[in-house]
Structure formats: C-alpha cells, structure tokens
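The residues making up each chain are set out below.
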Amino acid sequence: MTRRVRMVVLALGGACLAALLVAACLGMPSFGGSRHPYGDRAVHASLSRQTANTIASVNFDLRAFDTLGEMSILFASVLGTVVLLRQTRDEKRAAPEPEAVVPPVRRYALIVLPVALLTGLYVIAHGQLSPGGGFQGGVVAATGLHLLYLGADYRALERIRPIDVYEIGDALSASGYLVTGLAGVLAGTAFLANTLLPYGTFNTLSSGGIVPVLNAAIGMEVTCAIVVLLARFLDQAVEIEEEDGNR
Amino acid sequence: MSVLPYLVAVWIFLTGCYGLTTSRNLIHAVGCLAVCQSATYVLLLAVGYRDGGTAPVFSDLKPGSRPVVDPVVQALTLTDIVVGATVTALLLALVMQVAKRHGTVDPDELRELRG
C-alpha cells in the first residue's frame, strides 16, 4: 500500500469513526450530572468496610480479582522487557566511566533521595486512608532510588540496587497477592473476598480488612518492577556495547 | 456544552490514531499509542465527574457532607495508567531489538521478517 492510498483509507475510516464516536458522545449522560449508581454503591461498600479511601476499596476489595489480572500484566511486561533487553552474543559489557557531577546537583539529589523514598513508603502505607496507594507510592519510591544515579554515578546506584533481589521481590509480592486470596478460600469464603481480617477502626492504619495487605503487596511489586525495568533500560544505555565498540 | 469533555476525548483518540498511521519512526508510534490511551483517561474522568464533587476519600471528609466524584472510574483510570506505562516499556524494548537487528526504526523499511 502506498502512502497515498493509506492516507485515503485513513481519512475514510477516521471520518466514519469520528462520526460514530460523536454520535455516541451525544447519547452520553450529561457531564457533571448527579446520577452515578455504581459510584454511590462503591462509596457505601467502602464505608461499610471501614476503608476511608474509596478508590483503594474499589481496587483491592470490590475489584480485587481485576487487580490481580492487572498485576499479571505488569509482571508479564517486566518479564518480557527483561527477556528482550538481555545481553546478546554479539554484545559485550563495558564498565562505565564515572563522570563529574555538578555539586549543586549532587547536594540536591542526596538531600531529596531519602525524602523521596520515605514519601513513597508513606504513600504506600496510607493507601487505604489518603489519596495514593501501592501503585502510586511504588513508582515514587522506585524513581526516588534513581536520584543516586543523578547525584553520584552508575556504580553507586548498582551497589544499592542488586537486580536479583528486586526480581525476587517482584515475584514474591506477586505471589503474596495470590496467597492472600487463597487464604480466603482456605478460610471458607470466596477467592480474594474481604472477609479474612477484621475491618478495624475507621481511619486508622489497620482498617479495611485485607485492603492494606493487598495494597502493600502491590506497592512492593510496583517498586520492584519499576526498578527492574529502569535497570534494564539503563544497562542498555550505559553498559552494553556491540562488539565493534558502538552503543 | 455538557458534551465537550467527551468530544475532547474523541479528538485526542483520533489524533493518536492519525499519528500511529502516518508514523515513520517506531518510537514516535509508541508515543502515539500513549496519546490514544490518554484519551481513555479523559473519557473515564469525564464520565465520573459530578458538579461540586470532591475526591472520594473520607479520611478528612464527613461521609455524606459533600457529593463525591465516581470512585469506580477513578480506579479504572489508575489501572489504565499502570498497565499503559509498563506496556509502553515493553514496546520500547521491542523497538530497541528491532533497531539492533534491522538497523532501522522506520516501519516502512521493515518489509520482510529476518531471524
């Protein structure tokens, strides 16, 4: 197909799709309306199970099974990236040379690094109470770790970031999620049903039954997954070279 | 104009589709796919919005004192973002392999399959 023919096909298909989508939009309930039956029921269910953050309740209680599927996608993508970005036969590893870092950058990175890590862990731990949770906090913690790469150098980052440990952590937290679900089955209820633990007192760290447990498992998995992903891409950019010396 | 937020989502989606089809660089194509996906965030959040609503988090909000926006679509958006980010990483890894094996990232030049 030449580019010209392709553009004609695109214009035709795009116009039809646009017409259909606009027609669909005109049939939608009006923006900002007050009728949200699912939302109201989710809020009710969340409050009845002592979970202050309704979104955490939706993700780790009402839709916990869907989150399992989502976690599997995350896990599979990381696995795929690790396989795709491995060192191949015609490549070699070269030790990266340390580069000088401008002092203000170094100072800023080293001051912010512990703050970023702590913030990430805080967001994970308070997932069932305040906005945030395992997904968001995991990303903050994992990227915060990489401030060491900006502030010091690649060697320093590699020293505090043994990839094997994070790969094992990724797998362990994924299975931790499954085991929490299976524990419910063994206790005589449905898979991933929130009946295993007491719901606790509203607005405390231990409230919400299995929500904090699943939230912590996801937080650990996301942290490990992002660290492994970034490590593989950094390896490609910094360390792995072709035999003839090109990156 | 109560339909405008939905139309914005449609517009972003079609822009992403246009970019995907006319792209001459695989990295650009992955970026366009991310644009397509961000249309779904706009659509989901527009569906869940409620006039005068606040975040559905009750740590400092008395239940029932204010309307809250739909938490279900917010959870779906969260799911969407996480899956999107990791799938984008996987696609970029694929692009790196294509660039290494074929020496090009132009989809038009990738005519035949090679081992």
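Residues numbered from 1 in each chain as written. Chains lettered and ligands numbered in written order. Predicted model: local features only at pLDDT ≥ 70, side-chain atom pairs only at ≥ 80, totals over all residues. Heavy atoms only, no water.

Caption draft 1: Main features of the UniProt feature "transmembrane region" (unreviewed entry) in chain B. In the numbering used here, UniProt assigns the feature "transmembrane region" (unreviewed entry) to residues 72-95 of chain B. As annotated, residues 72-95 of chain B has a helix share of 100% and a strand share of 0%, and its two end C-alpha atoms lie 34 Å apart. (UniProt positions renumbered as here; feature names shortened; annotations may be inferred. Helix = DSSP H or I, 4+ residues; strand = E, 2+ residues; numbered from the N terminus.)

Caption draft 2: The UniProt feature "domain: Na+/H+ antiporter MnhB subunit-related protein" (unreviewed entry) in chain A, seen in detail. The positions that UniProt labels "domain: Na+/H+ antiporter MnhB subunit-related protein" (unreviewed entry) are, in the present scheme, residues 106-227 of chain A. Measuring from the first to the last C-alpha atom of residues 106-227 of chain A gives 21 Å, for a span that is 70% helix and 0% strand.

Caption draft 3: Structural view of the environment of G208 of chain A. Assignment of secondary structure puts G208 of chain A in the loop between helix 9 (163-186) and helix 10 (211-238). Judged by its relative accessible area of 0%, G208 of chain A falls in the buried class. (Buried < 20%, exposed > 50% of the residue type's maximum accessible area, 1.4 Å probe, protein only.)

Caption draft 4: Summary view of the packing of helix 6 (residues 134-145) of chain A against helix 10 of chain A. All names here are of chain A. It is at 7 Å that the axes of helix 6 and helix 10 come closest, and there the two elements cross at 35°. Taken as a pair, helix 6 and helix 10 cross one another with a handedness that is right-handed. Every residue of helix 10 that contacts helix 6 at G134, F135, G138, V139, A141, A142, T143 and L145 is listed here: N215, I218, G219, V222, T223, I226, V227 and L230. (Axes fitted to C-alpha atoms, helices over the stretch in contact; angles between N-to-C directions. Left-handed = near helix turned anticlockwise from the far one by under 90°. Contact = heavy atoms within 4.5 Å.)

Caption draft 5: Focus on the confidence of the model for chain B. Looking at chain B as a whole, the pLDDT averages 88, with 96% of positions reaching at least 70. Here the prediction assigns the complex a pTM of 0.86, and the interface score ipTM is 0.84. (pLDDT = per-residue confidence, 0-100.)

Caption draft 6: Focus on the pattern of salt bridges. Residues and elements named next belong to chain A. This model, assessed by the stated rule, comprises 7 salt bridges over all chains. For D66, the salt bridge is made with R63, and the minimal N-O distance between the two is 3.3 Å. Note on D66: relative accessible area 42%, which makes it partly exposed. Put simply, R93, D235 and E239 are held in one network by salt bridges that share partners. (Salt bridge = Lys/Arg side-chain N within 4 Å of Asp/Glu carboxyl O.)

Caption draft 7: How the structure looks around the state of the cysteines. Residues and elements named next belong to chain B. In total, this model carries 0 disulfides over all chains according to the counting rule given. Free of any disulfide, C36 has its nearest neighbouring cysteine sulfur in C17, separated by 4.1 Å. The exposure class of C36 is buried, given its relative accessible area of 8%. (Disulfide = S-S within 2.5 Å.)

Caption draft 8: Up close: the UniProt feature "transmembrane region" (unreviewed entry) in chain A. All names here are of chain A. Under the feature "transmembrane region" (unreviewed entry), the UniProt entry names residues 67-85, 105-125, 131-150, 171-193 and 213-234. Helix makes up 100% of residues 105-125 and strand 0%. Its end C-alpha atoms lie 30 Å apart. When the span residues 131-150 is considered, its composition is 80% helix and 0% strand, and the gap between its end C-alpha atoms is 29 Å.

Caption draft 9: How the structure looks around the nonpolar core. Counting 35 residues, the largest nonpolar core has F60, F135, Y177, L214 and I218 of chain A as the members making the most contacts within it. When residues of this core are traced back to their parent elements, those giving at least two are helix 3 (54-62), helix 4 (64-84), helix 6, helix 9 and helix 10 of chain A together with helix 3 (71-102) of chain B. Element by element, the count of residues in this core is highest for helix 10 of chain A, at 11 residues. Ignoring anything within four residues of it in the chain, the contact list for F135 of chain A reads F60, T67, E70, I218 and V222 of chain A together with L78 and V82 of chain B. (Core = buried A, V, L, I, M, F, W, Y, C linked by side-chain atoms within 4.5 Å.)

Caption draft 10: Quick look at the interface of chain B and chain A. On the side of chain A, 53 residues touch chain B, which itself brings 47 residues to the contact. The tally of links between chain B and chain A comes to 1 salt bridge. The partner of D40 of chain A in a salt bridge is R50 of chain B, with the nearest N and O atoms 3.3 Å apart. Only helix 1 (4-22), helix 2 (26-48) and helix 3 of chain B provide two or more residues apiece to the side of chain B that touches chain A. Looking at the side of chain B that touches chain A residue by residue, the classes come out as 31 nonpolar, 9 polar and 7 charged. (Nonpolar A, V, L, I, M, F, W, Y, C, P; charged D, E, K, R; others polar.)

Caption draft 11: Spotlight on the packing of helix 2 of chain B against helix 3 of chain B. Residues and elements named next belong to chain B. Helix 3 packs onto helix 2 with a crossing angle of 175° between their chain directions and a minimal axis gap of 10 Å. One finds that helix 2 runs roughly antiparallel with respect to helix 3. Taken together, the residues of helix 3 that come into contact with helix 2 (itself represented by L26, I27, V30, L33, Q37, T40, Y41, L44, L45, V47 and G48) are V73, Q74, L76, T77, D80, I81, G84, T88, L91, L92, V95 and V98. The residue makeup of the contact of helix 2 with helix 3, split by class, is 15 nonpolar, 7 polar and 1 charged. (Parallel < 35°, antiparallel > 145°, perpendicular 65-115°, else oblique.)

Caption draft 12: A look at helix 2 (residues 37-48) of chain A. Look at helix 2 of chain A: 17 Å from first C-alpha to last across 12 residues, which is about the 16 Å you get at 1.5 Å a residue. All of the buried residues along helix 2 of chain A are G39, A42, V43, A45 and S46 of chain A. The arc that holds the buried residues of helix 2 of chain A, viewed along the axis, is 165°, so those residues lie on one side. Of the exposed residues in helix 2 of chain A, those oriented more than 90 degrees away from the buried face are R41 and H44 of chain A. Looking at the buried positions of helix 2 of chain A, the neighbouring elements they touch are helix 3 of chain A together with helix 3 of chain B. Note on helix 2 of chain A: the residue one or two positions beyond its end, Q50 of chain A, has a positive phi of about 60°. (Expected span 1.5 Å × (residues − 1). Arc of directions from axis to C-beta.)

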